[in-house]
Amino acid sequence: MAAVSGTGQILHDGFDAELLHALLRLAEEGRGEYDDDHMRRFAVEAIARALGASHAELTRLPEGVTYAEWSQGLLRAARDRLHEAARQP
């Protein structure tokens, strides 16, 4: 879990498409074990950090936004970032 959390900061400091893809896969599919929901949450929060969210933004969602809505928006933004990177030479 610590490695997943730390990955967000690594991606914030420097983009790596393979690493972001691995986080996305973990956030969407889990890892096939008992604590999948917990691990998915760590992956979503790491993606948020990778995309520039502060620690404060991770602890308090915008008013009127559910966690599911927030996380789906982050996953869309991460996919968009991957598609953008794939288009660049």
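Here goes a summary of the coordinates provided. Residue positions are given per chain, counted from 1 along the sequence in the order it is written. Owing to the predicted nature of the model, reporting of local features is limited to residues with pLDDT of at least 70; listing and counting of side-chain atom pairs is limited to 80 or more, with chain, interface and lining totals taken over all residues. Processing note: side-chain calculations cover all non-hydrogen atoms of the structure and skip hydrogens and water entirely.

Topic: the packing of aromatic side chains
Heads up, the rule is: Each Phe, Tyr or Trp ring, with Trp reduced to its six-membered ring, pairs with another whose centre is within 6.5 Å; inter-plane angles below 30 degrees give stacked pairs, above 60 give edge-to-face pairs, and intermediate values give tilted ones. In DSSP terms, a helix is any run of H or I states spanning at least four residues, a strand is any run of E spanning at least two, and both are numbered starting from the N terminus. Burial classes follow relative accessibility: with a 1.4 Å probe on protein chains only, a residue under 20% of its type's maximum area counts as buried, one over 50% as exposed, and anything between as partly exposed. In this scheme, the term charge over a ring applies when either NZ of a lysine or CZ of an arginine sits within 6 Å of the ring centre and within 35 degrees of the ring normal.
A complete count under the given rule lists 1 aromatic pair for this structure. A centroid spacing of 5.6 Å and a plane angle of 45° characterise the contact between Tyr67 and Trp70, whose relative ring orientation is tilted. Taken together, the residues span about one helical turn, with Tyr67 and Trp70 both in helix H5 (residues 67–87) at a distance of 3 residues. Assessed through its relative accessible area of 24%, Tyr67 is described here as partly exposed. One residue, Arg41, lies across the ring of Tyr67, its end atom 4.0 Å from the ring centre. One cation-aromatic arrangement involves Arg81 over Phe15; the distance from NZ or CZ to the ring centre is 3.8 Å.

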